[in-house]
Amino acid sequence: MACNYDYRKLRGRIKEKFGTQSEFSKKLGLSEVSVSNKLNNIVDWGQEEMENAISILEISNTDIHAYFFTHEVEKNSTKQ
């Protein structure tokens, strides 16, 4: 079963550092569609892409997990 990641913190950092996803995409050297697909769990981040993103967003080594590996919490209804 595929696991989706929660990229809200990453999206916030992109906005903080670049203002728009478009500007971030240009700096990263990827198309806007490609970055959007990664942030929407359609396409996985490649290792080199992730390393580049970490570098240009100035994410510290201790924070990498919070930005790239936080699992989305499923919204399950509880039946009683």
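From a predicted model like this one, the values you see are computed outputs, not experimental measurements. (Residues numbered from 1 in each chain as written. Predicted model: local features only at pLDDT ≥ 70, side-chain atom pairs only at ≥ 80, totals over all residues. Heavy atoms only, no water.)

Caption draft 1: Representation of the side chain of R13 within the structure. Its place among the elements puts R13 in helix α1 (residues 8–18). The residues touching R13, leaving out its near neighbours within four places in the chain, are L57, E58, I59 and Y67. (Helix = DSSP H or I, 4+ residues; strand = E, 2+ residues; numbered from the N terminus. Contact = heavy atoms within 4.5 Å.)

Caption draft 2: Region of interest: helix α3 (residues 32–39). When we look at burial in α3, the residues that qualify are V35, K38 and L39. Taken around the axis of α3, the buried residues stretch over an arc of 95°, which confines them to a single face. Each element contacted by the buried residues of α3 is listed here: α1, α2 (21–28) and α4 (47–56). Two residues or fewer after α3 comes N41, characterised by a positive phi angle close to 60°. (Buried < 20%, exposed > 50% of the residue type's maximum accessible area, 1.4 Å probe, protein only. Arc of directions from axis to C-beta.)

Caption draft 3: Layout of the packing of aromatic side chains. Taken as a whole and assessed by the stated rule, the structure comprises 5 aromatic pairs. Judged by centre distance (6.3 Å) and plane angle (40°), the rings of Y5 and Y7 are tilted. Y5 gets classed as partly exposed once you look at its relative accessible area, which sits at 22%. Judged by relative accessible area, Y7 falls into the buried class, the value being 7%. Considering the side-chain rings of W45 and F68, the 5.4 Å spacing of their centres and the 90° angle between planes classify their relative orientation as edge-to-face. Taken together, the residues span a long stretch of sequence, with W45 in the loop between α3 and α4 and F68 in helix α5 (residues 64–68) at a distance of 23 residues. (Phe/Tyr/Trp six-rings, centres within 6.5 Å; stacked < 30°, edge-to-face > 60°.)

Caption draft 4: Structural context of the environment of V33. One can find V33 in helix α3. Sequence spacing of V33 and R8 is 25 residues, and the spatial spacing of their C-alpha atoms is 17 Å.

Caption draft 5: Structural view of the environment of S55. Residue position: S55 is located in helix α4. S55 gets classed as exposed once you look at its relative accessible area, which sits at 53%. In this structure, the C-alpha to C-alpha distance between S55 and L28, residues 27 residues apart in sequence, is 9.8 Å.

Caption draft 6: Structural detail: α4. By the burial criterion, the buried members of α4 are M50, A53 and I54. On an axial view of α4, the arc spanned by its buried residues comes to 100°, and they lie on one face. More than 90 degrees from the buried face of α4, the exposed residues found are E48 and S55. Buried positions along α4 lie against α2 and α5. Two residues or fewer past α4, E58 is found with a positive phi of approximately 55°.

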